[in-house]
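The residues making up each chain are set out below.
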Amino acid sequence: MKSHARVVVIGGGVVGCSVLYHLTKFGWTDVVLVERSELTSGSTWHAAGGMHTINGDPNVAKLQKYTVELYKEIQEYSGQDIGLHMTSGMMLAATKERFDWMKSILAKGRYMGLDAHLLTPKEAHDLMPLIDPDQFVGAVFDPVEGHLDPYGTTHAYAKSAKKNGAEIYLHTKVEDLVQREDGHWRVITNKGEIIAEHVVNCGGLWAREVGRMVGLELPVLAMEHMYLITEDMPEVIEFNKTRGKELMHCVDFDGEIYLRQERNGMLMGTYEKACRPWSPVNTPWDFGHELLAEDIERITPELEVGFRHFPAFNNAGIRKIINGPFTFSPDGNPLVGPVRGMTGFWSACAVMAGFSQGGGVGLALANWMIHGDPGFDVFAMDVARYGSFATLGYTNKKVRENYSRRFSIRYPNEELPAARPFLTTPIYDRLKDAGAVFGASYGLEAPLWFAPKGVQDHFSWRRSTDFDTVAAETKAVREGVGLMETSGFAKYAVKGPGAEAWLDRMLAARIPATGRMTLAPMLKEDGKLIGDFTLAKLGEGDFLVIGSGIAEDYHMRWFESHLPKDGSVTIEALNLALVGLSVAGPKARDVLQALTHLDLSDAAFPFMDIRRMDLGMAPTIVGRVSYTGDLGYEIWMKPEYQRYLFDAILEAGAPHGIRLFGLRALNALRLEKSFGSWSREYRPLYGPLEAGLGRFVALSKPADFIGKAAAAAEKAEGGTLRLRTFIIDARDADVIGDEPIYHKGEVRGWVTSGGYAHASGLSVAMGYVPKEIADEADGWSVELLGEVLAARLQAQPLFDANGSRMRS
């Protein structure tokens, strides 16, 4: 066994072998994989082996498409037969609501070039005669689906990697991981020690235990998963004989089952409601090529639906029942990327759909390690999307919920209840008493809207029970004054003698003067957006940075990896050590003026000013800025002052008709201003010019900020895309994101976000289109729930186009 290696990959499942192969494919050959038993010994060997390209997140779908296209390559290169069966597949809908969801998924695929299309129940039955067409309202056909041999595929990755120079050590159990002072890792195994620059945790069922070796509690949990294999079925044999091909894959979402052909019979699996975690605290190291006890009664409700939807199963005998553990994260997506605070330690685990996503995960991680960037927008899979709130108990509850709902519809206005409420602010009960309907963001309960007594969210793809109330909340802000909690934003304190110079390099904007704020994009080396912040200078060497709450760990990982070694700069994620309130609307100044002796006039406290001041008795930081696009103030305070100040603002605002508003009203208000948001309009896919943030990039400042050369090139060349706002001729539903944008009948772009702008009475979509047509006035349309609707380019913000309300 080698004593030194550039990379040690821990775990010999399909993901570990994919990572190993991709590292060697891109030129890193001094790499080894260590496996405690044999390759495939965890979840891989008993997987059903299905694969598909369709995914609700287009960025994940791209990686799945890459994975499927990779299989012929590794089979040919390795000489290992992977048992590839490209059968095509279909997703079935038994309800109108499910069919609406499928239409939205199909629409997302249009701008990705996926060749899928809708089917009637009769057409579905013609392609897959095992179904009862009377049980369904429609289907989606996908030609790029199939299945393979898990053993053969894993060994194809492994053989390809070894052919490129990698080494694989079997029956080599990692017993500890210790980082040396020089940053290298001691990988201590039962057969000796390897010194490595990088360690990749592909531990699968043991990923949690590997993480614990370095003090990390990964949000991953194994669940028991069952599928059955039938005896030979005459219907299958007849189809193969008459059609000359295999039966295709089927996913019956409403039956919560999936199926495919297995020899002359069928394989049927389910994500049952009565789900069961496996080894929820510790995974036994001696577990391997074992299966768990059969428990068919637990999946009987799902099988009963399956047998009704696929009547031929009623006459089929069961040849085998497979029950084995698979790992899941709280949202079902993988945990991929560098781990914050640890140099050279990487995660590639919780890849539940290993044969749909394993290749893409290996590609992204290898790119990330070698080039410093995954090459894709992988935030949906980034391990940094979870923070310290994702404890063992939280993970256990959320994974159970996710597993039991894997085939359930998640409506755009639906908030899932497991592990909630968890993180709350001091005014949570006040907000709840006022009718707040909460959503969970990064573990924190955040008010979405304030429901009248007796009214609840009705989950739907279309406008719902919150519509009129959200309209009233937006009207209150535009015509009077509204109060909103903003504690969910990320807050960072940056201090020290080197703070200003460091921020000048990290952020593309000019550093504001003391007592001032600015919008500050943050770029990667390639000039793409990695963050958008409000940067405030409170004093010399004293800065407050405000950003997206869901990206706190993501951004802290970037910040910490770029800190100077001399200790001249400190950065702290304040989280709930600093909480917030926002007052917005034309009466906002009148409300706050009642709480302070300081002059809040425009002349004394202009737009984008920030200062420390007492409001009533509470010490606060007040910035004159608002994401509503109206006159407004963001107020930050320690949590012990929030209840007092909340009540004081409501009392001061009572004569002005102050009203509480939530995130749904905020979304409606920001759309009227064409304000973008992180993870939608602003993400690592786009440059600042493309995203409409070019005016905040200070190319002329002396500092050589990260991404400066690329940003200058984008400005000179013009980039390729432009962010634009459109008005949609919608009726009873609004876009939510990822819908295709058409120009003159051809798909040319995609929606990033949208909704109904209540104060303007219009349905709005924001999205990206090619720069060559970005200013064309006519010919636009957007696909929504299967309909192509006329759209109009909105060149100026719907509200206060010249920004006078914000600045007066």
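Here is what the cut-offs are and how they apply
- Residues numbered from 1 in each chain as written.
- Predicted model: local features only at pLDDT ≥ 70, side-chain atom pairs only at ≥ 80, totals over all residues.
- Heavy atoms only, no water.
- Helix = DSSP H or I, 4+ residues; strand = E, 2+ residues; numbered from the N terminus.
- Rg over C-alpha atoms; globule rule 2.2 N^0.38 Å.
- Buried < 20%, exposed > 50% of the residue type's maximum accessible area, 1.4 Å probe, protein only.
- Contact = heavy atoms within 4.5 Å.
- Areas by Shrake-Rupley, 256 points an atom, 1.4 Å probe, with all protein chains shown as cover.
- Pairing = 2+ DSSP bridges.
- Axes fitted to C-alpha atoms, helices over the stretch in contact; angles between N-to-C directions.
- Parallel < 35°, antiparallel > 145°, perpendicular 65-115°, else oblique.
- Nonpolar A, V, L, I, M, F, W, Y, C, P; charged D, E, K, R; others polar.
- Left-handed = near helix turned anticlockwise from the far one by under 90°.
- Disulfide = S-S within 2.5 Å.
- Polar contact = N/O pair within 3.5 Å; in protein donor to acceptor, adjacent residues only side chain to side chain.
- Phe/Tyr/Trp six-rings, centres within 6.5 Å; stacked < 30°, edge-to-face > 60°.
- Lys NZ or Arg CZ within 6 Å of the ring centre and 35° of its normal.

### Topic: the overall build of the chain
Along its length, the chain carries 19 helices and 38 strands. Here the chain has a C-alpha radius of gyration of 27 Å; the compact-globule value for 808 residues is 28 Å, and the two agree. Reported as C-alpha extents along the three principal axes, the dimensions of the chain are approximately 85 × 65 × 50 Å. Across the 808 residues of the chain, 62% fall into the buried class. Summarising the internal contacts of the chain: among those between residues at least 6 apart in sequence, 73% fall at separations of at least 24. Element-wise, carbon and sulfur atoms account for 51% of the exposed surface of the chain, whose accessible area totals about 30000 Å².

### Considerations on the environment of Asp286
Among the secondary structure elements, Asp286 is positioned in the loop between β16 (277-278) and α8 (300-309). Through-space distance from the C-alpha of Asp286 to that of Ile74 is 31 Å; in sequence the pair is 212 residues apart.

### Quick word on the pairing of strand β21 (residues 444-450)
Within β21, seven of the seven residues are buried, which leaves it mostly tucked inside the rest of the structure. In this structure, strand β20 (residues 436-441) lies alongside β21, joined through six bridges in antiparallel fashion. Across the sheet, residue Ser441 finds its bridge partner in β21, namely Leu444. What sits between the antiparallel neighbours β20 and β21 is a turn of two residues, in which Tyr442 has the positive phi angle 55 degrees.

### Focus on the packing of helix α5 (residues 150-163) against helix α9 (residues 354-371)
Between two packed helices, the angle of one axis relative to the other and the distance separating the axes together describe the packing. It is the contact of α5 with α9, at a shortest axis distance of 12 Å, that shows an interaxial angle of 5 degrees. Classed by the angle they form, the pair α5 and α9 counts as roughly parallel. Taking contact as the criterion, the partners of Pro150, Thr153, Thr154 and Tyr157 in α5 are, on α9, Phe355, Gly358 and Gly359. Partitioning the contact of α5 with α9 into residue classes produces three nonpolar, four polar and no charged.

### Some words on the packing of helix α1 (residues 14-25) against α9
Across the interface, α1 lies against α9 with an axial gap of 8 Å and an inter-helix angle of 40 degrees. In terms of orientation, α1 lies oblique with respect to α9. By crossing handedness, the relation of α1 to α9 is classed as right-handed. Counted together, Val14, Val15, Ser18, Val19, His22 and Leu23 of α1 and Gly354, Phe355, Gly358, Gly359, Val361, Gly362, Leu363, Leu365, Ala366, Met369 and Ile370 of α9 form the full contact between these two elements.

### Here's the deal with the sheet that holds strand β29 (residues 610-615)
Reading across the sheet, the six strands line up as β29-β30-β31-β28-β22-β32 and stay open at both edges, with mixed pairing between neighbours. Both edges of this open sheet fall to β29 and β32 (659-660), since each of them pairs with a single strand only. Here strand β30 (residues 618-623) runs beside strand β31 (residues 632-637); their pairing, made up of three bridges, is antiparallel. Bridge pairing in β31 places Val622 opposite Ile635. On top of the sheet, helix α16 (residues 642-653) reaches β22 (482-485), β28 (579-584), β29, β30, β31 and β32; it is set at about 10 degrees to β28, its chief contact.

### Quick notes on the state of the cysteines
Overall, the coordinates contain zero disulfides when judged by the stated rule. For Cys17, which is in no disulfide, the shortest distance to another cysteine sulfur is to Cys202 and amounts to 8.9 Å. Exposure remark for Cys17: the relative accessible area of 0% places this residue in the buried category. Of all cysteine sulfurs in the structure, the one in Cys202 sits closest to Cys349, which takes part in no disulfide; the separation is 8.0 Å. Take Cys349: its relative accessible area is 2%, and that puts it in the buried class.

### Comments concerning the side chain of Asp100
Considering the arrangement of structural elements, one finds Asp100 in helix α3 (residues 96-110). Under the relative-accessibility criterion, Asp100 is labelled buried at 5%. Within the structure, Asp100 has its side chain in polar contact with the side chain of Arg462 (distance 3.0 Å). Residues in contact with Asp100, not counting those within four places in the same chain, are Trp461, Arg462 and Leu785.

### A closer look at the packing of aromatic side chains
The tally for this structure, following the rule as stated, stands at 31 aromatic pairs. When the ring of Tyr271 is compared with that of Phe407, the centres are 5.1 Å apart and the planes differ by 70 degrees; the resulting orientation is edge-to-face. Residue Tyr271 is located in the loop between β15 (265-270) and β16, and its partner Phe407 is located in the loop between α10 (392-404) and α11 (428-433); the two are separated by 136 residues in the primary sequence. A single burial state applies to Tyr271 and to Phe407, both of which are buried. Grouping aromatic residues by their ring pairs yields a cluster made of Trp101, Phe253, Tyr258, Tyr271, Phe328, Tyr403 and Phe407. Above the ring of Tyr271, the side-chain terminus of Arg406 is found at 5.5 Å from the ring centroid. Lying across the ring of Phe799, Arg478 places its NZ or CZ 3.7 Å from the centre.

Honestly, that's just the spatial picture; any functional story needs more than this.
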